[in-house]
Structure formats: C-alpha cells, structure tokens
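Here is what each chain is made of, one letter per residue.
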Amino acid sequence: MVQNIIDVRNLSKSFDIASKEPGLKGTIKHFFRRQTKSLKVIKDISFEIKEGEIVGFLGANGAGKTTILKMLCGLIYPSEGSILVSGYLPFKRKENFLKNITLIMGQKQQLIWDLPPIESFYLNASIYDLDKFEAKKRIKKLSEMLEIDEELFIPVRKLSLGQRMKSELLAALIHEPSILFLDEPTLGLDINAQRNLRKFLQKYNEKTNATICLTSHYMKDITSLCKRVICVHEGAISYDGKLDLLLKKLSPVKEILIVCRSEEDAIKLENSGFTVKNKVKNEITIKIENNSITSSLKSILNNFDIEDLFINEPPIDEVIGKVLIKKEYDI
Amino acid sequence: MLEYRVEIALWAISGIIPFFMLNIWTNNNLNESINISDIMLSRYFLCAFFVRQFSVVWVVFSFEEDSLMGKVSPYLIQPLNPFLRYFAQHLAEQITRFPFALIIAFFFFIFNPESIWIPNLGILLLSIVSTFLSFLIQFLIQSIVACLCFWTEKASSIERLLFIPTLFLSGLLAPVVSFPTYVKSWIYLTPFPYLIDFPANLLSGNETNISGGIGMQILWIFLLFPLFKKIWSEGTKKYTAMGS
C-alpha cells in the first residue's frame, strides 16, 4: 500500500497586517499607535498526499496556495493545526527533512547571478554533503534530462529565462529530493520551454517516484502533470479529488459539430430530438451529455449521411475558472 | 571585469578614515596630550586601517535586502544556516581586499618611512587571531540586528544606532587611551574597544594587555553567540516569506 508522505490536519495560518489611514494625519497616527489586524489566510484545511503523487493546487490570486506550499516546506510557521511531511514537522527544519525536499519558485532564483550555473551547482552539492565525483555524475545526468550543456558555463545574468529556469531546476534537484514543491515553475516561460519543463517533471517523477506539489496558473501544467487537484478558495479547500472527475462535473456536455452531406439531412437531424446549439446550411452543432456520447454518435452515424464531425471540448481555462470562484464542490 | 576590479579598489579605499584621523591628530599635535609619539600614532592608525579592512561587516544590509526581495526563502530550505553564506562571502571579500591593503600600506610607508617596522612573528599571529575575533564579534552583533528583520523589516535603521558608538568607541577615530580615565573604564566593559583599538595596538607594538584583550574578545563571542541563536530561532517563526 502506498504511504501518505504529507499529512495535514486542521491547518490554519493568520498574518498580522498593519492598517493605516491615508494622508498625513493617518501617517502620524500610525507612527504613534500602530494598528494591526489579524488576517486568517488559511482556514482549517486537512488533506493527505501519497508518495509519488503529483498534486496540483488551484486557486485564484491570494487564495492561499503558495502559503500552503510555504508551510509544507517549513518556510513559514503554522498558526494552528499539524503538518507532517515525510515524518517530520517541516517548520523545525531538521537537516534530514531539508535534504529530502526542494522548493522552486518561478522568477525567484537561488543561482549566483554573476557566476556560471555550474558554480552554484557545486556550491549546492557541498551544502548537501555530496562529494565532487557524485556531484559531477548528478550534474551530468540532470543536464542531459534538462537538455542543457553549454549554458552551464555562461554567467547566469547572460542566460535566457528558459535556460535560467532549467539551471534553477538543476540546482534545486542536485540532492535528488523525494518531495518537490513547485510554485508556478513555468511563470514567464515560452510555450516550448513550458512543454520541456513539464516533460522533465514527468520524467523525474517516473524515474524517482518523487512526490510533486505544484501550483500554476497555466492549466496545461495542471492537466498534463496532475491526476489530482486541490482547489483552494479564500484559504479553504473547495475541492480535493481527481481532475477528470472535476472536469466532467463542470462540463457535463460536449459540443459536436456535424457536417451532413445535404441540407435535408441536417434538417432531419435538427428534428430528431438532440439539443441543437445552431445550424448553418448543412452544418449543425448539437450538445450531447458525456455519459451518452458513444451511443448518440453511433445512432447519428447509422441514421444520417454524415460527411464529417468534430467533437469540441470546452476550453479548460474556462472550466477551471468556475472552480476559482466557487466555495465548494461535491463530486 | 573592469567594473569588478574598480569596485574592489573602491572597497579598499573606502576604509581610509584612519589616515584622515592620523592627519588631524598629527597636524594638531594632539598625540602629545596622551604621550604617544608621532611614529607610534602613525603605526596605530595604519594598523587600525588593516584591522578595519579585515573586520568590516555589512551582513545586516545583505540580509535585509535578501529578506525583502524574497531571496532568503531558498536559503532557508537548505541544510545550512543562511548566515554561514554571508560569513563565507565576507571571508572571500577579505581575501580580495588583501592585495589592495598591501598597496595602500606600501604608499603609506613611502610617505612615512620613519614608521616602517616589522612586528615579530608571535605578535603578528596574535594580531591576526585578534582581528579575526574582532570580525566575529562584529559579525555576531550585526547578525543579531539583522534578525530583527523578522519583526521590523528595516533592521538597518537599528544598525545605524550602533554605528555611532562603534565609530567613537572602537578606536577608529582616536585610540581609546586618549579618553578620560573614568570614561575608559566604562568603554572597556563594552565590546567596542576590542573591535579596532585592541588589535591595532597589539599589531603596532603599543603597550596593551594581550591576554586580557583576547580574553574579552572571546567572552563577547560567548555572550553574543547564544543570543544570536535565540533570536534566530524566534525570528524564523515570525518569517512570512514576503516577496516570494
């Protein structure tokens, strides 16, 4: 049986936020009597993640996804509740725990700006107690997986964003962590760089059975990597489950564009009981429920003279967009 | 690379306050009031320059910038205290400063040939140890102040408050011996005279209590280190990972 590697129970986090009235009067008042208010950004959430799972955290800006990741990796201290990651309390930042995890934040870098990435890799290797031989071996292996070579010897400031991100990944993975926390790793990358990064993460997960927790605003990252998603809405979990179930629930019908051989066939089809979205000459768009799509298409192909047909999936961004504004989903 | 070379040269030149002070002291014959000869005074300020070059610390500014920009976050999830990174950076920069400090000393001796002296090996080694201890004290003081970033976000403002006593009581502007006796007795209870005055007196060959001075430096390190550990552990609980 696959074990839970992350176990979160009734987790909450509050921040004290300073509030100041506008203008000079407000500034003077704030100087002498600082007003703060407590803001609960994570509200009593619980979930578990199994070893080797890739889980996507979805939510609008400010929903609390990144705060959850930061608590999972031990960067910030929880206000209430408990977190166990790989058997450790993350905020204690024990050496063995830190050697087991990594955190990658898009646009935030740990590479030394003025030096080639290879220098940062060797520095990280010594931080994680890797000898030079082992470090060399791992750099070679990861650079092959990431398809970077010459870039390793060029100062970081002269690399493109995509090359830099690959180098960041290499630096963050040199100690071969078993848990990866990725906060918008494809932010700012072009389509090819995004695709390569996703391919790499997929490969890394298959090869090492690493657990990956990912936040991203690019739905392609989520759909191509994550089978399971946790949707966060105003600090609370609104959905935790399989991505395909969520998509089916949110878009229960598919649109089918059917091109008939003649306009008569199109008229016959229009009057045969299907929900018609629109009809232009011999082209007709109908809506069919997901659970009856096979039987409906079979019947159409048997009874009508069809020249061509197209099944249109609703845009994933549109579907997921619905999740980001709703408090709860029961699937 | 040119900009880096110029930057290194500027670092080295930026520490020449002791030479300005030497000029003020000798031009006004102020040394007569404290019974120090011109030669000993010029050696003292040259040594103060050297000690300053190899003990100057700016960790509070680096840490403040890194925490405001969110750069501390990746460091915090590595099995290495981020302050050790800054410590290594300081040591690396000290090595870079060394040749420039030698060049400045060379020119100093050209203009003040009467000040040339060669300290014996034992004193030289003790001075190196004492300068390193001075660096450790300053590093710990600034690290403690830097940790206040977890509460205030502007720890460098607090550091500026410390800069004034450091400037006046460390021996950078005047040897501590020049202070009135009752003031001196208080100054020697603070860490400041062990930052510049004690190592500079030791290296320049002025009369000084070697074991007492090094003992006080070690004592301050033993007092400051647990304080740093405590404030670090409390501060990281307050960390909000802003900017990242």
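Note that this is a predicted model, so its numbers are computed, not measured. Residue positions are given per chain, counted from 1 along the sequence in the order it is written. Each chain takes a letter, starting from A, and each ligand takes a number, starting from 1, following the order in which they are written. Local features in this predicted model are restricted to residues whose pLDDT is 70 or higher, and side-chain atom pairs enter the listing and the counts only when it is 80 or higher, whereas totals over whole chains, interfaces and linings include all residues.

### A short note on the overall build of chain A
Defined as follows: Helical segments are the DSSP runs of H or I of at least four residues, strand segments are the runs of E of at least two, and each set is numbered from the N terminus. Only C-alpha atoms enter the radius of gyration; for comparison, a globular chain is expected to reach 2.2 Å times N to the power 0.38, where N is the number of residues. Working definition of a contact: two residues with C-beta atoms, positioned from the backbone, lying within 7 Å.
Along chain A, the regular secondary structure elements total 12 helices and 13 strands. Taking 20 Å as the expected radius of gyration for a compact globule of 331 residues, we find that chain A reaches 25 Å, considerably beyond that expectation. For chain A, long-range pairs separated by at least 24 residues make up 72% of all intrachain contacts whose partners lie at least 6 apart in sequence.

### Some details on the overall build of chain B
Quick reminder of the rule: Here exposure depends only on C-beta density: within 10 Å of a residue's C-beta, 20 or more other C-beta atoms make it buried, 12 or fewer make it exposed, and intermediate numbers make it partly exposed, the C-beta atoms being placed from the backbone.
When its secondary structure is counted, chain B shows 12 helices and zero strands. Order of helices (α) and strands (β) in chain B, N terminus to C terminus: α-α-α-α-α-α-α-α-α-α-α-α. Taken over the C-alpha trace, chain B has a radius of gyration of 19 Å; the compact-globule value for 244 residues is 18 Å, and the two agree within 12%. Each principal axis of the C-alpha distribution contributes one length, and for chain B these read about 55 × 50 × 35 Å. Counting the 244 residues in chain B, one finds 37% classified as buried.

### Remarks on the interface of chain B and chain A
The accessible area lost on association of the parts is a frequent measure of interface size. So the rule is basically this: Gly is placed with the polar residues, together with every amino acid not listed as nonpolar (Ala, Val, Leu, Ile, Met, Phe, Trp, Tyr, Cys and Pro) or charged (Asp, Glu, Lys and Arg).
Taken residue by residue, the interface counts 13 residues in chain B and 17 residues in chain A. If you tally residues by element for the side of chain B that touches chain A, the top one is helix α5 (residues 72–76) of chain B, at three residues. Of the residues contributing to the side of chain B that touches chain A, the split by class is seven nonpolar, five polar and one charged.

### Observations concerning the sheet that holds strand β4 (residues 80–85) of chain A
All names here are of chain A. Threshold: At least two bridges found by DSSP between two strands are what make those strands a pair. For helices, the fitted axis covers only the stretch in contact; all axes are lines through C-alpha atoms, and the angles between them, taken along N-to-C directions, range from 0 to 180 degrees.
Pairing is antiparallel in the open sheet, where three strands are placed in the order β2-β1-β4. The sheet terminates laterally at β2 (36–50) and β4, the two strands that pair on one side only. The average undirected angle you get between the axes of adjacent strands in this sheet is 25°. In this structure, strand β1 (residues 4–18) lies alongside β2, joined through 11 bridges in antiparallel fashion. If you follow Ala18 over to β2, its bridge partner there is Thr36. Along the sheet face, helix α2 (residues 65–72) touches β1, β2 and β4 and points at about 120° away from the line of β1.

### Comments concerning helix α6 (residues 82–111) of chain B
Note: α-helices contain 3.6 residues per turn, so residues at a spacing of three or four share the same orientation. Residue and element names in this part refer to chain B. Here is the rule: In this scheme, a helix's expected span is set at 1.5 Å multiplied by one less than its residue total. The angle separating two fitted axes, one through the seven residues that finish at a residue and one through the seven that start at it, defines the bend at that residue.
With 30 residues, α6 extends 43 Å from end C-alpha to end C-alpha; this agrees with the ideal 44 Å at 1.5 Å per step. At Phe98, α6 shows its largest kink, close to 35°, and the proline Pro99 lies no more than four residues downstream. Every buried residue of α6 is accounted for by Pro82, Phe83, Tyr86, His90, Arg97, Ile104 and Phe108.

### Describing the nonpolar core
Quick note on the threshold: Note on definitions: a nonpolar core is a set of buried residues drawn from Ala, Val, Leu, Ile, Met, Phe, Trp, Tyr and Cys, linked by C-beta atoms within 7 Å.
Ranked by internal contacts, the top residues of the largest apolar core, which has 72 residues, are Leu72, Leu170, Ile174, Phe181, Cys213 and Val229 of chain A. At six residues, the largest contribution of residues to this core is made by helix α6 (residues 161–173) of chain A. For Ile174 of chain A, the residues in contact, after removing those within four places along its chain, are Phe121, Asn124, Ala125, Tyr128, Ala135, Arg138, Ile139 and Leu142 of chain A. Residues Ala48, Phe108, Leu140 and Leu148 of chain B belong to the second largest nonpolar core, which totals 47 residues.

### Brief notes about the packing of helix α5 (residues 132–146) of chain A against α6 of chain A
Residues and elements named next belong to chain A. Our working definition: Two helices that cross are described as forming a left-handed crossing if the nearer one is turned anticlockwise from the farther one by less than a right angle, and a right-handed crossing if clockwise.
The N-to-C vectors of α5 and α6 enclose an angle of 145°; their axes lie 10 Å apart at closest approach. Regarding α5 and α6, the two cross each other, and that crossing is right-handed. Note on element contacts: α6 touches α5 through Lys166, Leu169, Leu170 and Leu173, opposite Ile139, Leu142, Ser143 and Leu146. Grouping the constituent residues of the contact of α5 with α6 by class yields six nonpolar, one polar and one charged.

### Focus on the sheet that holds strand β11 (residues 275–280) of chain A
All names here are of chain A. Strand order in this open sheet of four strands is β11-β12-β10-β13, and the pairing throughout is antiparallel. What marks the edges here is a single partner per strand, and that holds for β11 and β13 (306–312). Between one strand axis and the next, the sheet turns through 20° on average, direction left out of account. Across five bridges, β11 lies against strand β12 (residues 283–289) in antiparallel orientation.

### Looking at the packing of helix α7 (residues 121–147) of chain B against helix α9 (residues 155–169) of chain B
For any two helices packed against each other, the geometry comes down to the angle between their axes and how far apart the axes lie. All names here are of chain B. Interhelical geometry of α7 versus α9 gives an angle of 145° and a closest axis separation of 8 Å. Like other packed secondary-structure pairs, α7 and α9 cross with a definite hand, here right-handed. On α9, the residues touching Ile141, Gln142, Val145 and Ala146 of α7 are Ala155, Ile158, Glu159 and Leu162. Classifying every residue of the contact of α7 with α9 gives six nonpolar, one polar and one charged.

### Overview of the confidence of the model for chain B
Operational definition: As a per-residue quantity, pLDDT reports the predictor's confidence and falls between 0 and 100.
Mean pLDDT over chain B works out to 86, with 91% of the residues at or above the 70 mark. Overall fold confidence (pTM) sits at 0.81, and the ipTM for the predicted complex is 0.77.

### What to know about the environment of Asn278 of chain A
Summarising the element assignment, Asn278 of chain A is placed in strand β11. Sequence separation between Asn278 of chain A and Leu257 of chain A is 21 residues; the distance between their C-alpha atoms is 9.4 Å.

### A few points about the pairing of strand β10 (residues 253–260) of chain A
All names here are of chain A. Sheet analysis places β10 next to β12, joined by seven bridges and oriented antiparallel. Its bridge partner lying in β12, Lys254 is registered against Ile288. Here six bridges tie β10 to β13, and the two strands are oriented antiparallel to one another. Paired with Glu255 across the strands is Asn312, a residue of β13.

### With respect to the environment of Ser211 of chain B
Residues and elements named next belong to chain B. Of note, Ser211 is situated in helix α12 (residues 210–238). With 8 C-beta atoms counted inside 10 Å, the residue Ser211 sits in the exposed group. Sequence separation of Ser211 and Glu64 is 147 residues, and the distance between their C-alpha atoms is 36 Å.

### Things to note about unusual backbone geometry
Residues and elements named next belong to chain A. Phi at Asn209 is positive, roughly 55°, even though this residue is not glycine. Within the secondary structure, Asn209 is located in the loop between α7 (191–208) and β7 (211–215). For Asn209, a count of 12 C-beta atoms within 10 Å corresponds to the exposed category. Of note in the backbone geometry, Glu234 takes a positive phi value of approximately 45° without being a glycine. Looking at the element boundaries, Glu234 is found in the loop between β8 (228–233) and β9 (236–242).

### Considerations on the environment of Arg52 of chain B
Residue and element names in this part refer to chain B. By the secondary structure assignment, Arg52 is in helix α3 (residues 38–53). Between the C-alpha atom of Arg52 and that of Phe135, which follows or precedes it by 83 residues, the distance is 8.8 Å. When sequence neighbours within four positions are dropped, the list of residues in contact with Arg52 reads Gly15, Pro18, Leu172 and Ile196.

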